[in-house]
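# Residue-level structural notes
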Amino acid sequence: MGFPTPLRKWLMDPRAQRILSLLERSDGLIASYVDRKALASLLTRHRSGLEDATDRIWRLFNLELWSDIFLAGRREEAFAQELAGSRSR
């Protein structure tokens, strides 16, 4: 079975907003392939507790992160700086 990670709890935490906001970027891979209104609705339903979209959100986040690093050529440090910068916003 392995270590059961508490993804749902993590994604419901207010601090996860930094991560979830990366899915809503207009310049990301996700924005090119996913209906942004449908994604915003999914995130809203998840945040409000109406729907548990943990698996879908986690997969989309990992796809976005992967594309930033391997397709767009952004390095991990740039990604970390972006996350750190969004804390102060």
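The following paragraphs examine the structure supplied in this document. Everything quoted here is computed from the prediction, not taken from an experiment.

From N to C terminus, the protein chain includes six helices and zero strands. Classification of the 89 residues of the protein chain by burial places 28% in the buried group. Within the protein chain, contacts between residues separated by at least 24 positions form 56% of all contacts whose residues are at least 6 apart in sequence. Element-wise, carbon and sulfur atoms account for 57% of the exposed surface of the protein chain, whose accessible area totals about 6200 Å².

Now for the side chain of Ser67. Looking at where Ser67 falls in the secondary structure, it is placed in helix H5 (residues 54-71). Exposure remark for Ser67: the relative accessible area of 4% places this residue in the buried category.

Another point: the pattern of salt bridges. A complete count under the given rule lists eight salt bridges for this structure. The salt bridge involving Arg45 is made with Glu51; its shortest N-O contact spans 2.5 Å. Arg45 sits in the partly exposed class, given a relative accessible area of 28%. Each of Arg25, Asp27, Glu64 and Asp68 takes part in salt bridges that share partners, so that together they form one network.

In this section: helix H4 (residues 36-48). A rise of 1.5 Å per residue sets the reference length of H4, with its 13 residues, at 18 Å; its end C-alpha atoms lie 18 Å apart and thus fit the reference within 8%. Against helix H1 (7-12), helix H2 (17-23), helix H3 (29-33) and H5 lie the buried residues of H4. Here H4 starts with a cap whose side-chain oxygen sits 2.9 Å from the backbone nitrogen of Lys37, and that cap is Asp35.

Looking now at H5. If you check H5, its first and last C-alpha atoms are 25 Å apart, about what 18 residues at 1.5 Å a residue would give, namely 26 Å. Burial in H5 covers these residues: Thr54, Ile57, Leu60, Phe61, Glu64, Ser67 and Asp68. Along H5, the residues classed as buried sweep out an arc of 170° about the axis, all on the same side. Exposed and facing more than 90 degrees away from the buried side of H5 are Asp55, Arg59, Phe70 and Leu71. Gly73 sits one or two residues past H5 and shows a positive phi near 80°.

What follows covers the nonpolar core. In terms of nonpolar packing, the biggest core is built from twelve residues, these being Leu11, Leu20, Leu22, Leu23, Ile30, Leu39, Leu42, Leu43, Ala53, Ile57, Leu60 and Phe61. If you list the elements that add at least two residues to this core, you get H2, H4 and H5. Apart from residues no more than four positions distant in its own chain, Leu43 is found in contact with Leu20, Leu23, Glu24 and Ile57.

Criteria and thresholds
Throughout, a residue's number is its position along its own chain's written sequence, starting from 1. A pLDDT threshold of at least 70 governs which residues receive local features in this predicted model, and a stricter bar of 80 or more applies before side-chain atom pairs are shown or counted, although totals over entire chains, interfaces and linings include all residues. Calculation of side-chain values draws on the structure's entire complement of heavy atoms; hydrogens and water are dropped beforehand. Elements are defined by DSSP. Helices are runs of H or I of four residues or more, strands are runs of E of two residues or more, and each kind is numbered from the N terminus. In this scheme, a residue with accessible area under 20% of its type's maximum is buried, one over 50% is exposed, and one in between is partly exposed, where area comes from a 1.4 Å probe on protein chains only. Residue contacts follow a heavy-atom distance rule, with two residues in contact if any of their heavy atoms lie within 4.5 Å. Each accessible area is a Shrake-Rupley estimate made with a 1.4 Å probe; only the visible protein chains count as cover when residues are assessed. For this analysis, a salt bridge means a side-chain nitrogen from Lys or Arg found within 4 Å of a carboxyl oxygen belonging to Asp or Glu. By this rule the span expected of a helix is its residue count minus one, scaled by 1.5 Å. For this analysis, a polar contact is any N or O atom pair within 3.5 Å, provided that within protein one partner can donate a hydrogen and the other can accept it, and provided that sequence-adjacent residues contribute only side-chain to side-chain pairs. Regarding the arc, it is the one traced by the directions from the helix axis to the C-beta atoms. In plain words, nonpolar cores are sets of buried Ala, Val, Leu, Ile, Met, Phe, Trp, Tyr and Cys residues tied together by side-chain atoms within 4.5 Å.

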